[in-house]
Amino acid sequence: MPNVEIYTSPLCGYCHAAKRLLTDKGIAYTEYDVSRAPEKRQEMLGRSSGRHTVPQIFIGERHVGGYDDMAALDRDGKLDPLLQEA
């Protein structure tokens, strides 16, 4: 089972879309709400090379990016193999 982590905030539509895509694929993930945990926002900034928007998605140690990035990988047929590798 891949280790998937997603940094989110509750009012973010892209966060909900990213979680829905992962759920539809049957992928479990760990979610960090950066609006309630400032230390997680700092962690996210460090791991994502300063990207401050949510969601920020990680599969294993690989930074995938945001929802648009993950959706593009899915459209290109590259997300499922990445999820299998992790």
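As shown above, the structure is provided for reference.
Residues numbered from 1 in each chain as written. Predicted model: local features only at pLDDT ≥ 70, side-chain atom pairs only at ≥ 80, totals over all residues. Heavy atoms only, no water.

Q: Would you take a moment to explain the nonpolar core for this structure?
A: Residues Val4, Ile57, Ile59, Val64, Met70, Leu79 and Leu83 are the most contacted members of the largest nonpolar core, which totals 14 residues. Only strand E1 (4–8), helix H1 (13–24), strand E3 (56–59), helix H3 (67–75) and helix H4 (79–85) provide two or more residues apiece to this core. Those residues within four positions of Leu79 in sequence are excluded, and the remaining contacts are Leu21, Lys25, Ile59, Met70, Leu73 and Asp74. Ranked by size, the runner-up nonpolar core spans eight residues in total, among them Tyr7, Val34, Met44 and Val54. (Core = buried A, V, L, I, M, F, W, Y, C linked by side-chain atoms within 4.5 Å. Buried < 20%, exposed > 50% of the residue type's maximum accessible area, 1.4 Å probe, protein only. Helix = DSSP H or I, 4+ residues; strand = E, 2+ residues; numbered from the N terminus. Contact = heavy atoms within 4.5 Å.)

Q: Please clarify how the packing of aromatic side chains should be interpreted in this entry.
A: Given two aromatic rings, one states the distance between the centres and the angle between the planes to describe the pair. Inspection of the entire model under this criterion finds three aromatic pairs. Arranged with centres 5.9 Å apart and planes meeting at 75°, the rings of Tyr7 and Phe58 form a pair that is edge-to-face. In this pair, Tyr7 is assigned in strand E1 and Phe58 in strand E3, connecting sequence segments 51 residues apart. With relative accessibility at 0%, the residue Tyr7 sits in the buried group. On the numbers, 6.2 Å between centres and 35° between planes, the contact of Tyr14 with Tyr67 is tilted. With Tyr14 in helix H1 and Tyr67 in helix H3, this residue pair connects regions lying 53 residues apart in the sequence. (Phe/Tyr/Trp six-rings, centres within 6.5 Å; stacked < 30°, edge-to-face > 60°.)

Q: Looking at this structure, I do not really get the environment of Pro10. What am I missing?
A: Position of Pro10 among the secondary structure elements: in the loop between E1 and H1. Assessed through its relative accessible area of 39%, Pro10 is described here as partly exposed. Contacts of Pro10, omitting those with residues within four sequence positions, involve His16, Asp33 and Ser35.

Q: Looking at this structure, how should I read the sheet that holds E3?
A: Strands belonging to one sheet form pairs held by backbone hydrogen bonds; the direction of such a pair is parallel or antiparallel. Ordered by their spatial adjacency, four strands build an open sheet running E2-E1-E3-E4, and the pairing between neighbours is mixed. The open sheet has two edge strands with one neighbour each: strand E2 (30–33) and strand E4 (62–65). Sheet twist, expressed as the average angle between the axes of neighbouring strands with direction ignored, equals 20°. Across four bridges, E1 lies against E2 in parallel orientation. Residue pairing for E2: Glu5 is matched across the bridge by Thr30. Its contacts with the sheet place H1 against E1, E2 and E3, and it is angled at close to 160° to E1. Along the sheet, H3 contacts E3 and E4; its crossing angle with E4, the most-contacted strand, is approximately 100°. (Pairing = 2+ DSSP bridges. Axes fitted to C-alpha atoms, helices over the stretch in contact; angles between N-to-C directions.)

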